[in-house]
Amino acid sequence: MKTIDEISLSTTVFGPEKETDDLLRYLETTLEAGYRYVELSRKHFDLTRRAEAIRKMGINVWSIHGCLSGYSIWSDESLRRKAVEDEIARIEDCAAFGKVPVVEHYLDRMNDPVYGRNFRKSIEEIYEASHKAGVILTIETVPYKPKQNERYADSLEVAEFVRSFKADDLLMTVDINHSNINEDLEQVCANCDGLIANVHMSNNHGEWEDHLPPDDGVIDFAATFASLRKHGYRGPANLEMHGTPPITAEWLKQIREYTERVLFSK
């Protein structure tokens, strides 16, 4: 499989969608800035209806973020069931873009084992739908949030969870910004060897998941990306960063060119 030495941009950079078709305008800005790949964020919906318009724009949907979040749903069966049904509907939307990675948060992060059992049950149900839809379900490495009373599920735990399914279409998203806070990134890549289907890249200052642009923070992206390649990742550098409106094509172009120099210059 050929390595994709390009930059992908998550639509998280534009923030939440405020109007029905803002997503298409965001993608026009992305193209103007020279990106050919994009991850559609969990803040953007109604994907099936807009799939043909997105394809006609000439941009490639590399991946799509799922919408599972929060903890209360895992101890309430009616809330859990509703969350799973909503997520299956989104998975079916994702199928309009082919065999794309779909990113789900790893939410077994509380000390109560009931949460873990219900999370696994939910992923089993979602995976059945994703397999049928022909997309790649991926589970994301998590941030360290000691101030929010979460236990830390390290990359090895997430990798073992994924490996337990023994499925070549249930893999991982390594979030560099998340994992940098409490783990060595080269070890993270080794822990996830052979499972890495997607990457989230953004920077931080080593204390919180800041989702900063690549040029603002402490992460050594060149070394990390070399390790990702060593352990099987073949996709683009996928930027999941936040921005301050208004987001301009010129600023996004500067970010792209900086990241290309760091990662792909010989």
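Our structure is the block above this text.
Below, the structure is looked at part by part. Since we're looking at a predicted model, the values are computed, not measured. (Residues numbered from 1 in each chain as written. Predicted model: local features only at pLDDT ≥ 70, side-chain atom pairs only at ≥ 80, totals over all residues. Heavy atoms only, no water.)

### A closer look at the pattern of salt bridges
Applying the stated criterion to the full structure yields 17 salt bridges. Arg50 is paired through a salt bridge with Glu17; the nearest N and O atoms lie 2.8 Å apart. With a gap of 33 residues between them, Arg50 in helix H2 (residues 47-57) and Glu17 in the loop between strand S1 (7-10) and helix H1 (22-32) connect regions that are remote in the sequence. Residues Asp22 and Arg25 are paired through a salt bridge, measuring 3.2 Å at the closest nitrogen-oxygen approach. In this pair, Asp22 and Arg25 are both assigned in helix H1, three residues apart and thus about one turn of the helix distant. (Salt bridge = Lys/Arg side-chain N within 4 Å of Asp/Glu carboxyl O. Helix = DSSP H or I, 4+ residues; strand = E, 2+ residues; numbered from the N terminus.)

### Some points on helix H9 (residues 249-264)
Relative to the 22 Å expected for 16 residues at 1.5 Å per residue, H9 spans 21 Å between its end C-alpha atoms, a close match to the ideal helical length. Listed as buried for H9 are Ala249, Leu252, Ile255, Arg256, Thr259, Leu263 and Phe264. Buried residues along H9 cover an arc of 120 degrees about the axis, so they all sit on one side. (Expected span 1.5 Å × (residues − 1). Buried < 20%, exposed > 50% of the residue type's maximum accessible area, 1.4 Å probe, protein only. Arc of directions from axis to C-beta.)

### Some thoughts on the packing of aromatic side chains
For the coordinates displayed, the defined rule picks out nine aromatic pairs. Ring geometry for Tyr144 versus Tyr152: centroids 5.6 Å apart, planes at 90 degrees, classification edge-to-face. Look at Tyr144 and you get partly exposed, because its relative accessible area is 30%. A centroid spacing of 6.3 Å and a plane angle of 75 degrees characterise the contact between Phe225 and Phe264, whose relative ring orientation is edge-to-face. Of this pair, Phe225 sits in helix H8 (residues 221-230) while Phe264 sits in helix H9, placing them 39 residues apart in sequence. (Phe/Tyr/Trp six-rings, centres within 6.5 Å; stacked < 30°, edge-to-face > 60°.)

### A closer look at H1
Listed in full, the buried residues belonging to H1 are Asp22, Leu23, Leu24, Tyr26, Leu27, Thr29 and Thr30. Those residues of H1 hidden inside the fold are in contact with S1, strand S2 (37-40), H2 and H9. Among the residues trailing H1, Gly34 stands out with phi positive, at a value near 95 degrees. (Contact = heavy atoms within 4.5 Å.)

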